[in-house]
Amino acid sequence: MLLNIAVLPGDGVGPEVTDQAVGVLQTIAAAFGHEIKLTRHDVGGIAVQKCGIPLPEDTLRACLSSDAVLLGAVGGPGFDSLSRQLRPEAGLLRLRRELGAFANLRPAACLPGLEECSPLRQDVVAGTDILIVRELLGGLYFGEPRKTEGSPGQRVATDTMHYREPEVERIVRVAFELARNRRRKVTSVDKANVLECSRLWREVVTHLAGEYSDVHLEHMYVDSAAMAMVSRPADFDVVLAENMFGDILSDEAAAVVGSIGMLPSASLGGRIALYEPVHGSAPDIAGKGIANPIGAILSVAMMLRHSFHLEHEAEQVETAVASALSSAHRTRDLARAGRPAISTSEMGARITTEIRERASVAEHLAAHR
Ligand code: NAD
């Protein structure tokens, strides 16, 4: 199969973790006989520096003519004073919108052996396996009007939370369909006791749940969900949330399972999907070679599964990650105090070695069958 992938490393640790994810893609392609075409493009702060805008037209064109997009991260303190349209994050929001990527899947699982990496008690975090399904193109991040008016000392800022019924319907269906291949439970998160958007959200979810009688539905207010996420995380299966609530809860889920560096994501819904780790550009550790590349690498597994339907190859990546971690290899974010840590590239190399070794064992067994 030809894998035609647009790679957008972005800013901060983005290029560091993306390099490792690309290494994994190349290893998978070589091991399983796929042809790979990778083209690199600028997005975010680096694009602002080179072209004056965070999503140059040639980057967007390249994404739209690829089969899938792999992104690192965007942003950084050097860009914080730019106007809203020029900020790196504006480039990412526009890319998601242009791709039509309305369904953001963020799995957060506590891998066996990593219970000690959670700030929670091991008996609380053990067995945690959550899939956050976040609506990605609506709500406060896109609603208009958004503005700041008035003179200093008297300014008024406005953001708009806005949801149309079809926008809610399509993400609800994604959550229920995915729940059918998991533990058949959906927790829909809202703030229906206060917000109009949440009342509409809850009505649509409740109505559609009738079509999925094999899936158990519960509603939870977002504040209550935030509390339950740390007190009994293993109770969640699929968490369905609007854009901002999903953004916040997925960072919380990341901390619960050990590190935000571990979490991958897939943004689906359009013809071409976008894959990126959940974390940002991590300016505090950028350039040090210590970022955890696993979120980016597991994003590649999601790409193989969702864009190319290469389930076996996706599982090989996930198995290699689990295997590298079970051998007690830890990047700085996962290592316990005083314990040694390996670098970003060493973790990438461990994982590619695992993939290669497993593939060659499988080849040997097949040849002697
Ligand atoms: P962040 O995710 O970049 O960092 C939060 C904390 O997690 C930091 O302590 C960081 O060191 C750590 N961390 C993040 N990724 C890590 C990794 N791979 N390995 C180990 N530790 C890791 O969030 P932030 O500090 O709030 O934001 C920094 C910048 O990133 C901002 O400009 C923000 O707008 C941007 N951002 C971008 C995205 C994205 O590109 N999708 C997402 C979130 C934030």
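Observations regarding the pairing of strand β3 (residues 68–73)
With respect to burial, β3 is a largely interior element, six of its six residues being buried. Sheet analysis places strand β1 (residues 2–10) next to β3, joined by five bridges and oriented parallel. Note that in β3 the partner of Val 7 across the bridge is Leu 70. Two strands pair when backbone bridges link them, and β3 and strand β12 (residues 273–275) are joined in this way by three bridges, in the parallel orientation. Along β12, the bridge assignment pairs Leu 70 with Tyr 275.

Focus: helix α3 (residues 57–64)
Where α3 is concerned, the buried positions are Thr 59, Leu 60, Ala 62 and Cys 63. End-on, the buried residues of α3 take up no more than an arc of 160 degrees, which puts them together on one face. Turning to α3, the residues buried within the fold contact β1, β3 and α4 (88–99).

A short note on the pattern of salt bridges
It is possible for side chains of opposite charge to pair when their charged atoms get near one another. One pass over the structure, following the stated rule, counts 28 salt bridges. Residue Glu 276 is joined to Arg 96 by a salt bridge in which the shortest nitrogen-to-oxygen separation is 3.2 Å. Of this pair, Glu 276 sits in the loop between β12 and α10 (294–306) while Arg 96 sits in helix α4, placing them 180 residues apart in sequence. Residue classification places Glu 276 among the buried positions, given a relative accessible area of 4%.

Digging into the side chain of Ser 343
Looking at where Ser 343 falls in the secondary structure, it is placed in the loop between α11 (311–326) and α12 (344–367). Of note is the side chain of Ser 343, whose polar atom sits 3.4 Å from the side chain of Ser 345. With near-sequence residues (within four places) excluded, Ser 343 lies in contact with Gly 289 and Thr 331.

Considerations on the domain arrangement of the protein chain
According to the domain assignment, the protein chain contains domain 1 (1–102 + 269–369) and domain 2 (113–258). Of the residues lining the interface, 14 residues belong to domain 1; the matching set on domain 2 comes to 16 residues. Across the domain 1 to domain 2 interface the summed buried area is about 1,400 Å²; carbon plus sulfur atoms make up 64%. Seen at the junction of domain 1 and domain 2, the total is one salt bridge. The shortest N-O distance in the salt bridge between Glu 116 and Arg 336 comes to 3.7 Å. Linking domain 1 with domain 2 are two residue pairs in polar contact (both at pLDDT 80 or more). When residues of the side of domain 1 that touches domain 2 are assigned to their parent elements, the largest contribution, three residues, is made by α4. The residue inventory of the side of domain 1 that touches domain 2, partitioned by class, reads six nonpolar, one polar and seven charged.

Overview of the sheet that holds β3
Spatial ordering of the open sheet is given by β2-β1-β3-β12-β11-β4-β5-β10-β8-β9, a layout of 10 strands whose pairing is mixed. Each having just a single partner strand, β2 (35–40) and β9 (216–221) make up the two edges of the open sheet. Ignoring strand direction, the axes of neighbouring strands in this sheet form an average angle of 25 degrees. Pairing of strand β11 (residues 266–268) with β12 involves two bridges; the strand directions are antiparallel. In the strand pairing of β12, Ala 266 is matched with Tyr 275. Sitting on the sheet, helix α8 (residues 222–231) touches β5 (129–135), β8 (185–190) and β9, and the angle it makes with β9 is about 105 degrees.

Some words on the nonpolar core
In this structure, Leu 70, Leu 240, Leu 304 and Ile 351 are the most contacted members of the largest nonpolar core, which totals 88 residues. No other element matches α10, which puts nine residues into this core. Taken domain by domain, this core gets at least three of its residues from each of domain 1 (1–102 + 269–369) and domain 2 (113–258). Look past the residues within four positions of Leu 304 in its chain and what remains in contact with it is Leu 3, Leu 25, Ile 28, His 309, Leu 310, Glu 313, Ala 314 and Val 317. Counting 15 residues, the second-largest nonpolar core is a separate cluster that includes Leu 60, Cys 63, Val 74 and Leu 99.

Details of the site of the ligand
Around the ligand lies a shell of 20 residues, among which Glu 89, Gly 280, Ala 282, Asp 284 and Asn 292 are the nearest. Contact distances for the ligand include 3.2 Å between a nitrogen atom and a side-chain N or O atom of His 279. Within the backbone of Gly 280, one N or O atom sits 2.7 Å away from an oxygen atom of the ligand. Taken by itself the ligand offers 810 Å² of open surface, and the protein chains cover 68% of this. Tallied by class, the residues present in the shell around the ligand amount to nine nonpolar, seven polar and four charged.

Procedures and definitions
- Residues numbered from 1 in each chain as written.
- Predicted model: local features only at pLDDT ≥ 70, side-chain atom pairs only at ≥ 80, totals over all residues.
- Heavy atoms only, no water.
- Buried < 20%, exposed > 50% of the residue type's maximum accessible area, 1.4 Å probe, protein only.
- Helix = DSSP H or I, 4+ residues; strand = E, 2+ residues; numbered from the N terminus.
- Pairing = 2+ DSSP bridges.
- Arc of directions from axis to C-beta.
- Contact = heavy atoms within 4.5 Å.
- Salt bridge = Lys/Arg side-chain N within 4 Å of Asp/Glu carboxyl O.
- Polar contact = N/O pair within 3.5 Å; in protein donor to acceptor, adjacent residues only side chain to side chain.
- Domains from an automatic or database assignment.
- Buried area = accessible area lost by both parts, 1.4 Å probe.
- Nonpolar A, V, L, I, M, F, W, Y, C, P; charged D, E, K, R; others polar.
- Axes fitted to C-alpha atoms, helices over the stretch in contact; angles between N-to-C directions.
- Core = buried A, V, L, I, M, F, W, Y, C linked by side-chain atoms within 4.5 Å.
- Near = heavy atom within 4 Å.
- Areas by Shrake-Rupley, 256 points an atom, 1.4 Å probe, with all protein chains shown as cover.

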